[in-house]
Amino acid sequence: MPGMGGRMSVVIKSKINKLLDRAEDPSETLEYSYQKQMELLQNVKKGIADVVTSKKRLQLQQQKLEQQVVKLDTQARQALSQGREDLARTALERKQFAQGELQSLDQQVAELESQQAGLIEKEQKLRSKIDQFRTKKEVIKAQYSAAEASVKISEAASGVGEEMADVGMAMQRALDKTEDMRARAGAMDELEAAGAFDDNLALGSGSTDDIDRELHQLTSQSEVDEDLERLKAELGSGSAPPQQELGSGGEQERPA
Amino acid sequence: MIARIATESQYRLDDEAAAQLNELDNEAVAAVDGGDEDRFHEVFEQMLDLVRREGSPLGDDELEESDVILPPPDISFVEAGSEFTGEGLIPD
């Protein structure tokens, strides 16, 4: 039993063989086969371009999240300097969440980069094989009788056919993974639209919304605590101004 | 024997390496039959290692058909179920 790639190349080979049986003129078959190979090479280029596009999109998201992390840190600092530890905590929780997302994005970008490199390598290999086929086809046309030629063509075409099937499989697997990432990126956009990374920390709104509650669950409380202590130390606080300065609201958020 | 690692490259293996590959192939089938995912990945990694270590890569200008095609290195256990059955990749 041939492997998965084997089955794919068997399909391609049987197509090639049918073509060979039908063809009256071997040189015509050779030209047709060569033309098909060049078409596939163009498809590989398109596949690589798709991977690059996905990568760029993820990189844009990376940048947005990085800015968000800086902004949330600044907001936490501001909140704390005004004695609003509750708001500072919310900002830091969001920051932790954004940092977690950033980590997983880093991994995805790295994976796409390695897929891109792999596909480029495969494209070059296929190009070499097609070049070789082009050379062989000229030799076959010049040196063999029609009957002999069809055997030689079949051999050469099978070798290229297997390579084509393999490149096709590599491309399919890369695109499947890219699709998964795209779906995930879409989910992140929705989360963002729902306010998870909202610019405005809803100062004074007074109650935690669903996203806040979710964030409470998602983020590690101890990391937030550490972050909060770090900020307090940096601000030299401990002598925070009285909280009533900031009006009503937010205070109830904090569990007693 | 010419072996291809799907989505990677083709290699030429000598008889000894081919025999070792066949043994590992049978072990992979046994692991799949037994539903032992960890064991399967362990054996499959050994197969890939063997081909990469013992095989000499085919030149880009060689138009050869493979005798055996190993599935892609990132194959899942579910996908493996349809590959490593019966006599495995290499008929005994």
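Residues numbered from 1 in each chain as written. Chains lettered and ligands numbered in written order. Predicted model: local features only at pLDDT ≥ 70, side-chain atom pairs only at ≥ 80, totals over all residues. Heavy atoms only, no water.

## Brief notes about the packing of aromatic side chains
Two aromatic rings are characterised by how far apart their centres lie and by the angle between their planes. Following the criterion strictly, the structure yields four aromatic pairs over all chains and no others. Ring plane angle 55° and centroid distance 5.9 Å describe the contact between Phe40(B) and Phe77(B), whose orientation is recorded as tilted. Taken as a pair, Phe40(B) in helix α2 (residues 37–54) and Phe77(B) in helix α3 (residues 77–83) lie far apart in primary sequence, 37 residues in all. Assessed through its relative accessible area of 17%, Phe77(B) is described here as buried. Pairwise contacts between aromatic rings join Phe40(B), Phe44(B), Phe77(B) and Phe84(B) into one cluster. The cationic tip of Lys137(A) hangs over the ring face of Tyr34(A); the distance from NZ or CZ to the ring centre is 5.0 Å. (Phe/Tyr/Trp six-rings, centres within 6.5 Å; stacked < 30°, edge-to-face > 60°. Helix = DSSP H or I, 4+ residues; strand = E, 2+ residues; numbered from the N terminus. Buried < 20%, exposed > 50% of the residue type's maximum accessible area, 1.4 Å probe, protein only. Lys NZ or Arg CZ within 6 Å of the ring centre and 35° of its normal.)

## Points about the sheet that holds strand β4 (residues 68–70) of chain B
Taken in spatial order, the four strands of this open sheet run β3-β2-β1-β4 (chain B), and their pairing is mixed. Pairing within the sheet leaves two strands with one partner each, and these edge strands are β3 (56–57) and β4 of chain B. (Pairing = 2+ DSSP bridges.)

## Considerations on the pattern of salt bridges
Pairing between side chains becomes possible if they bear opposite charge and their charged atoms approach one another. Overall, the coordinates contain 34 salt bridges over all chains when judged by the stated rule. Between Glu234(A) and Arg230(A) there is a salt bridge whose closest N-O contact spans 2.9 Å. With a gap of four residues between them, Glu234(A) and Arg230(A) both fall in helix α6 (residues 221–235), about one helical turn apart. Arg53(B) is paired through a salt bridge with Glu54(B); the nearest N and O atoms lie 3.5 Å apart. (Salt bridge = Lys/Arg side-chain N within 4 Å of Asp/Glu carboxyl O.)

## Side note on the environment of Gly159(A)
In this fold, Gly159(A) is placed in helix α4 (residues 146–193). Overall, the relative accessible area of 1% leaves Gly159(A) in the buried class. Setting aside chain neighbours within four positions, we find Gly159(A) in contact with Leu63(B), Glu64(B) and Glu65(B). (Contact = heavy atoms within 4.5 Å.)

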